[in-house]
Amino acid sequence: MNPPILRPESLADACTMLSLDEDALIYGGGTALQILRKQGILSASSFVDISQIPGLNEVHQTENEILVGSMVSIRRMETDPLVRRYLSLASAAYAKVANPRVRNTATVGGNIAHGDYRLDPPVALLVLGATIEATSAEGSRRIPIEEFFVDFQLTALDHGEIVTSIKIPVSSDIVASTYVKLSSLSANDWPSASAAAAVFRRPGETRILRLALGALAPTPVVTSVDITGLRKDQAAEAVLERAILMMDPLPDVRGGIEYKRNLGRVAVEDALRNLWRDQPSD
Amino acid sequence: MLISSNFIIDAQPSHVFDTLLDPKVLIKCIQGCQELERLDETHYRGRITNEVAHVKFNARFVAEITELKHPSYIQAVLNGEDRHLGSSIKVTIALTLEQTEAGTAVGYQMEIALWGKLGRLGESIVRRRSLEFERDFIAELSRACIQPEYTPGPTLAQQEVPAAKTGQILAPQAALQSSASVVMSRRRGWFARLVAFFRRSR
Amino acid sequence: MTSEVFSGESYDGNAVGQSWRRANSESKVLGTFRYTADLPVPKCLYLGVHRASQPHASIVNIDAEGAMAIPGVVKVITGADLYDALGEKMLTGPAFSDQPPIAWQRVRYVGEPVAVVLATDLATARAAADEIYVEYQDMAPVLDIDAALEGHDYVHDELRPSVVFQDLRQLMGKRNTNINYEYNLNRGDSEHAHKTAATTVNGEFWTPPTSHVAIELFSASAWTEETHLELVSTTQTPSYVRQAIATMLNLRLNQVRVRTLGLGGSFGSKMYDRLEPLVAAIAWTQKLPVRLELTREETFVLTTRHGVAVSSRMSADSDGNIVAATADVRYDTGAYADIGPRIAAKSGMVACGPYRIENAKIRSRCIYTNKPSAGPFRGFGVPQVTWSHESLIDDLARELGEDPAGFRKRNLLREGDVAPIGTVMHSADFIGCLDAVTEAIGWNEPLERREGDWKWGRGVAVGIKAVLTPTVSNAVLQLNQDASATLLISTVEMGQGSDTIMAQIVADVLNLGPERVRVVNPDTDVTPYDTITAGSRSTYHTGNAVKMAAETMRDKLIEIAAKQMGVSPSDCKLTAGGVLSSSSQRLISLEDLIMSEFGAAGTTMTAEANFTTEWIPYDKETGQSTKITEHWFAGAAAAELAVDARTGRIRIRHLAVAGDVGRAINPALVKQQLIGGAIMGMGHALFDEIVFDNGQMVNGTLLDYQLPSIKDMPEKLTPIIVENPHRTGPFGAKGVGETGLIPIAPAIANAVRDAIGIRITTLPLTPERVLTALANQGK
Ligand SMILES: Cc1cc2nc3c(=O)[nH]c(=O)nc-3n(C[C@H](O)[C@H](O)[C@H](O)COP(=O)(O)OP(=O)(O)OC[C@H]3O[C@@H](n4cnc5c(N)ncnc54)[C@H](O)[C@@H]3O)c2cc1C
């Protein structure tokens, strides 16, 4: 049966509705929820549609960060000039989600809350060190993205917690960044392996390479490798070695464990190649 | 789908064997098991609940032990059904117990058939769930075997550090080793056997 | 691609050969086109289907109490209820009467209907279906072909061939088998010929089941009027459905009316018994109006393409002539035979390919398993055997150190040759098709085999298919007093463009402009019998009936005009302006002519025609027939591609596809069919596949089932029309709906073989499969 859709007009109302009903689900763009509903396997008593709440649909720039409201569409993250200019890595990852129909409908908040291990955007957000702001009847809290993906299809959000925004730091330390998505079947499919990477140059000329992988473990995973003073081939070796340890792929119709590991390695290699290409050599 | 693995429990095979058949222990080992009742020597009945990605299931099951060789071999068939989701599950399990230096080597093979709406959820979900299932099962079982007055502790999933911690990679196997006195090794050739299985079933 | 759009102003009376714009193209693009589900029907009760969660089990108990307690639920119906009302007549099927509308006593695949809820709205019906609880006693499932042939467990207790086909009668009541049909072809002495041949290759080939994935989902409504039953259904076989329902319900044919509007794609899925037996049985026995709409997930388990295993062998002499070929073909038809037995015979018979082979042996079997029933799918089982013969011959050519295209060319059947089945070839220009595609991709130019991760290769393949024979088509043409025409045929428009080309045929014969001919939607009360809209048969068969009806109309008009003008009919000819007398140069417009004939505005003239084809049934032992088919389809494809050695991914640089269509009535539509077939074939080659695990379809949703997307398109796709007029085709024409699909997968695999030196015999060629093969090659 179709759950009734509630349309609160304030965040407080939404929080109350959710706190009163254990089986109510937050409705963002609905692209993930509608599929489960149509398959008849969703257990939800009602949908709390947060699209009427003012303020969730905005992209703000402050000094060192960009604040993205949870109801901002994925398409906007792909096309917004501000995001493209200051967060090109994020923009590149959002641009790889599904197809324009999904991107126009799905939301930034729904995307991350969906918690799927194969999602494109979280991989970039992990490299950029985003923070998720969530609000419930209990109050608000900030969750560093590294702590957001807890386990397979499981996020740090408690029931009733609404993602209101994602804060993404704008870092002038980034000297190169890239997002690589590899699918194993149709080119338009979910990734079977993805990698986001960026090189950060910090004062004192240390160089840190941050690498995140998607679809290769039960959650997206991230690591930092200090590549200060390393030659490109040495750095690549160090990063690859680390990346391989991070992989724990799940077999499915898109490929077995060994195949996905291999694809993961290719994704990392491609990412590194892009980074070295975009970064003036030492 | 075929799932197989082995692990070692620091106890004698006959002790592990008996513990394995004890419904009071089993209910704690099986994640989400709400009821478990031994009907006779070879039959059990119970109920199991779980949730993954907004899908809650609640299945009644009957298990029959189809072969038993004390203390080395157990074969069982479990048939479960979630009436609401119009789904059935059939699990054929073969357990081998072998004395080694480190304790009892328990090997198992499960052929899982999931039919109906849940069967469409995708192999990754089922596999992932069975991994957790396996983790908990091993931890609880070894606890039960090692401690005579066994009381169930928090499940492993709760103890575990989030896998996405920066620069820190914690494989489930590693987590297992550190939190219980269990050594687990994934059998090699697992992939090859899976491929062989799919070839057969095409 | 640009298609030339015909503009009415420059019309010169020659409609055939022109790229008329597709009928209803604007409304289809704008979304205002009415599909079958949009046809208004009386207020119906909605059906919700409770489906089996076991691949093979007997039904012990069905508990519908919970469902009945839901407000809005009117009734719950089970297979037993239908059996009580209809007896064994409720079992239907085009070849075997083996399928109940609702499982009765036993379920045979996961997803089979077990109980059906009737409720006042769709959501309630579906929700209530979830509240039905079924108790099963499980039976050992037969999960694949090998298990089925082992013969421990049986999907059906006994075979039940339908009464329609005389030649299946001897199978009635046969027990202890999962093989419902076996076709054998024996020509010459293939064993001896293989033994004495210079070179032999062999292989084990597998094509998995695939899903049709027509965008439009299934729907059907049925209700009773005073003395008859009305059905509105998404079907490409309205005449068949009327017959099947009349038989099931013991009604006269005039008591069953079946209607359908245009379909949003089908590819063979909407054929024969789909939703119709279920809605008709309930509507008629309960005297209630009912409607069933399927979800995408339900559609996946309704019908599939056959998974097929082929063990085959091909031998050549030292001069490079093929001397022998053998093939053992196993079609996995799932829980119900559907048209599988026919596919096993009529497609299995070309398993050695379109070559001159004096010694051939084929055994083709149709096999029950506990999976969703497999049925017709664009190509009717031929692509699966083409996968075998076109891979084998490629290997054979390579063994002999010959060019795969040149080797094929030497051995291909030519006009007047006798095919291995015993029939003389006519109008099947394999060589023309082969030449066209190889030329298109620059086959003879050197291929740059660059070093690096991307390995390049080229491949070619041909395909042969026989048109379904015998079949029947009828056309009724009504010419209205205002010189517009209304064409009554039961060919179903489902995107292939039949409404467009049938109108063109009428327009050409009667010299009418594009807007002047309208094709009426199939309605068995109105439009005449037509066997099926399938198997690329409509252009030739219905096209012939339409042309004959139009010619009869033309002769009538000339006769009337001659009478009116007082000249002899041979002095008259039909022109764009009307009937012209050559001697008097008098011209009577059609409007005036019909007006003065009947003395009233708005009157009509009617002409009708029938076109029936015949065959000579094949010999039971040898499979030979001097006329196995009315005509052949010939096609070829060539591919140039690159394989990424790091990921196993295949990138198609150029795909060329050619089909001999006899004569293209509408070249733009022919090209679109070739392109559409090629893209579908490319999906089958690269990743399209239904995956089963223990009888459960695990990727039966569009999230997991993969179809080619715009991003998977070849960098270049060249459709080529080859025209070799058929002596009895309308204007020489034949169909082209399947031609473009058949040779694609082997053409791609042959190019992969060329690129990386590995023969992969299992479809699809997923990156994982390619990479695994590369890894094994290294060992
Ligand atoms: C055909 C298809 C292909 C796809 N391919 C890709 C792909 O290639 N890459 C990729 O990354 N993704 C892909 N996706 C997934 C897509 O990214 C997600 O469906 C989408 O991002 C979810 O966003 P939504 O706003 O529609 O979420 P919804 O469907 O509304 O919700 C998803 C989940 O998040 C919860 N939720 C929603 N909003 C909030 C909030 N503000 N706070 C807390 N919880 C919330 C819901 O309760 C639900 O659990 C694909 C989806 C489809 C349908």
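In this text the structure is predicted, and so the values were computed from the model without any measurement.

On to the overall build of chain B, then. Across its full length, chain B holds six helices and eight strands. Starting at the N terminus and ending at the C terminus, chain B contains elements arranged as β-α-α-β-β-β-β-β-β-α-α-α-β-α. Within the span of chain B, comprising 202 residues, buried residues form 50% of the whole. Within chain B, residue pairs in contact and separated by at least 24 positions form 51% of the contacts whose partners lie at least 6 positions apart.

As a further point, take the side chain of His631 of chain C. With respect to the element layout, His631 of chain C can be found in the loop between strand S23 (604-612) and strand S24 (632-644). Dropping the residues within four chain positions of it, His631 of chain C is found in contact with Lys465, Ala466, Val467, Tyr540, His541, His726 and Lys734 of chain C.

As a general point, the strands of a sheet are linked pairwise by backbone hydrogen bonds and lie either parallel or antiparallel. Residue and element names in this part refer to chain A. Taken in spatial order, the five strands make up an open sheet running S4-S5-S10-S6-S7, and their pairing is antiparallel. Here the strands that pair on one side only, and so sit at the sheet edges, are strand S4 (59-61) and strand S7 (139-144). Between one strand axis and the next, the sheet turns by 20 degrees as a mean value, whatever way the strands run. Two elements, strand S5 (residues 65-69) and strand S10 (residues 162-169), share five bridges in a ladder whose sense is antiparallel. Its bridge partner being in S10, Glu65 is matched across the sheet by Pro169. Helix H1 (residues 11-20) rests against strand S6 (131-136) and S10 of the sheet, and its axis sits at about 125 degrees to S10.

Counted under the stated rule, the structure contains 16 cavities of 30 Å³ or more. Each pocket or cavity is described by its volume, and for the largest cavity that value is around 1,000 Å³. Taken together, 44 residues line the largest cavity, and the ones lying closest to its centre are Ile30, Leu78, Val91, Met110 and Phe133 of chain B. Residue assignment for the lining of the largest cavity shows that the elements contributing at least two residues are strand S3 (43-52), strand S4 (55-69), strand S5 (73-82), strand S6 (87-100), strand S7 (103-116) and helix H3 (123-146) of chain B. The element contributing the most residues to the lining of the largest cavity is H3 of chain B, with eight residues. For the lining of the largest cavity, the residue count by class is 32 nonpolar, eight polar and four charged. Computed from the structure, the second largest cavity encloses a volume of approximately 250 Å³. Surrounding the second largest cavity, 19 residues form its lining, Gln99, Pro101, Pro113, Arg274 and Leu302 of chain C being those nearest its centre.

Residues and elements named next belong to chain C. Along the chain, Asp754 falls in helix H18 (residues 744-756). Take Asp754: its relative accessible area is 17%, and that puts it in the buried class. Of note is the side chain of Asp754, whose polar atom sits 2.7 Å from the backbone nitrogen of Arg458. Aside from chain neighbours lying at most four places away, what touches Asp754 is Arg398, Leu447, Arg449, Trp456, Gly457 and Arg458.

Here the focus is the packing of helix H11 (residues 382-399) of chain C against H18 of chain C. Residues and elements named next belong to chain C. Between H11 and H18, the least distance of the axes is 9 Å, while the angle of their chain directions is 30 degrees. Taken as axis vectors, H11 and H18 run roughly parallel relative to one another. The handedness of the crossing between H11 and H18 is right-handed. Residue-level inspection shows Thr386, Trp387, Glu390, Ser391, Asp394, Asp395 and Arg398 of H11 in contact with H18, the latter providing Ala745, Pro746, Ala749, Asn750, Arg753 and Asp754.

On to the pattern of salt bridges. All names here are of chain C. What the rule picks out here adds up to 65 salt bridges over all chains. A salt bridge links Lys371 to Asp332; the shortest N-O distance between them is 2.4 Å. In this pair, Lys371 sits in the loop between strand S15 (359-368) and H11 while Asp332 sits in strand S14 (residues 322-334), placing the two residues 39 residues apart along the sequence. Look at Lys371 and you get buried, because its relative accessible area is 6%. A salt bridge links Arg554 to Asp555, with the nearest nitrogen and oxygen atoms 3.6 Å apart. Overall, the relative accessible area of 42% leaves Asp555 in the partly exposed class. Among the charged side chains, a network of salt bridges with common partners joins Glu390, Asp394, Asp395, Arg398, Arg408, Asp754 and Arg759.

This paragraph deals with the interface of chain B and chain A. Often the size quoted for an interface is simply the accessible area lost on bringing the parts together. Facing the 27 residues of chain B at the interface are 36 residues of chain A. Approximately 2,600 Å² of surface area, both sides summed, lies buried where chain B meets chain A, with 62% of it carried by carbon and sulfur atoms. Inspection of the chain B/chain A interface yields two salt bridges. Between Lys56 of chain B and Asp23 of chain A there is a salt bridge, with its nearest N and O atoms 2.8 Å apart. Those elements that provide at least two residues to the side of chain B that touches chain A are S4, H3 and helix H6 (190-201) of chain B.

In terms of nonpolar packing, the biggest core is built from 195 residues, with Leu209 and Leu213 of chain A together with Ile748 and Leu765 of chain C touching the most fellow members. If we skip the residues at most four places from it in the chain, Leu209 of chain A touches Ala197, Ala198, Val199, Thr223, Ser224, Val225, Ile227, Val239, Leu272, Leu275 and Trp276 of chain A. One finds Val25, Leu78, Leu97 and Ala144 of chain B within the second-largest nonpolar core, a separate group that totals 55 residues.

Residues and elements named next belong to chain C. When its domains are assigned, chain C resolves into domain 1 (38-141 + 218-293), domain 2 (304-468 + 618-778) and domain 3 (472-612). For domain 2 versus domain 3, the separation of C-alpha centres amounts to 39 Å. Domain 2 puts 21 residues into the contact, and the matching count from domain 3 is 20 residues. Between domain 2 and domain 3, a total of about 1,500 Å² is buried, with carbon and sulfur atoms accounting for 65% of that surface. There are zero salt bridges connecting domain 2 and domain 3. Here domain 2 and domain 3 share seven residue pairs in polar contact (both at pLDDT 80 or more) between them. Looking at the side of domain 2 that touches domain 3 residue by residue, the class counts come to nine nonpolar, eight polar and four charged.

Residues and elements named next belong to chain A. Of the two faces of strand S3 (residues 46-49), both are covered, the one formed by Ser46 and Val48 as well as the one formed by Phe47 and Asp49. Note that strand S1 (residues 5-6) and S3 share two bridges and pair parallel. Among the inter-strand pairings, Leu6 is bridged to a residue of S3, identified as Val48. Relative to S3, strand S2 (residues 24-27) runs parallel, the two being bridged by four bridges. Looking at the pairing, Tyr27 lines up with Asp49 of S3. In this region the chain leaves S2, passes through helix H2 (residues 31-38) and returns to the parallel neighbour S3; the handedness of that crossover is right-handed.

Residues and elements named next belong to chain C. One can describe the packing of helix H17 (residues 667-686) onto H18 by two numbers: an axis separation of 8 Å at closest approach and a directional angle of 55 degrees. When the axis of H17 is compared with that of H18, the two are oblique. Crossing hand, H17 versus H18: right-handed. Residue-level contacts link Gly677, Ala678, Gly681, Met682, Ala685 and Leu686 of H17 to Ile744, Ala745 and Ile748 of H18.

The next subject is the environment of Thr228 of chain A. Residue and element names in this part refer to chain A. With respect to the element layout, Thr228 can be found in the loop between strand S14 (221-226) and helix H9 (232-246). Given the relative accessible area of 32%, Thr228 is considered partly exposed. In this structure, the C-alpha to C-alpha distance between Thr228 and Arg201, residues 27 residues apart in sequence, is 9.0 Å. Residue contacts for Thr228: discarding those within four places in its chain leaves Glu205, Thr206 and Arg207. Among the polar contacts made by the side chain of Thr228, one reaches the side chain of Asp226 at a distance of 2.4 Å.

Each partner contributes to the interface: chain B provides 23 residues, whereas chain C provides 24 residues. When the two sides are added together, the surface that chain B and chain C hide from each other amounts to roughly 2,100 Å², 43% of it contributed by carbon and sulfur. At the junction of chain B with chain C, the criterion picks out two salt bridges. Close ionic contact of Lys90 of chain B with Asp138 of chain C constitutes a salt bridge, the shortest N to O distance being 3.6 Å. Taken together, chain B and chain C are joined by seven residue pairs in polar contact (both at pLDDT 80 or more). Secondary-structure elements contributing two or more residues to the side of chain B that touches chain C are S5, S6, S7 and H6 of chain B. When residues in the side of chain B that touches chain C are grouped by element, the largest group, six residues, is from S7 of chain B. Residues that form the side of chain B that touches chain C fall into these classes: seven nonpolar, eight polar and eight charged.

Definitions and cut-offs
Residues numbered from 1 in each chain as written. Chains lettered and ligands numbered in written order. Predicted model: local features only at pLDDT ≥ 70, side-chain atom pairs only at ≥ 80, totals over all residues. Heavy atoms only, no water. Helix = DSSP H or I, 4+ residues; strand = E, 2+ residues; numbered from the N terminus. Buried < 20%, exposed > 50% of the residue type's maximum accessible area, 1.4 Å probe, protein only. Contact = heavy atoms within 4.5 Å. Pairing = 2+ DSSP bridges. Axes fitted to C-alpha atoms, helices over the stretch in contact; angles between N-to-C directions. 1 Å grid on protein atoms, 1.4 Å probe; cavity = no way out; pocket = protein on both sides within 12 Å on 5 of 7 lines; lining within 4 Å. Points joined across faces, edges and corners; volume = space filled by probe spheres on them. Nonpolar A, V, L, I, M, F, W, Y, C, P; charged D, E, K, R; others polar. Polar contact = N/O pair within 3.5 Å; in protein donor to acceptor, adjacent residues only side chain to side chain. Parallel < 35°, antiparallel > 145°, perpendicular 65-115°, else oblique. Left-handed = near helix turned anticlockwise from the far one by under 90°. Salt bridge = Lys/Arg side-chain N within 4 Å of Asp/Glu carboxyl O. Buried area = accessible area lost by both parts, 1.4 Å probe. Core = buried A, V, L, I, M, F, W, Y, C linked by side-chain atoms within 4.5 Å. Domains from an automatic or database assignment. Right-handed = clockwise from strand over helix to strand, strands pointing away.

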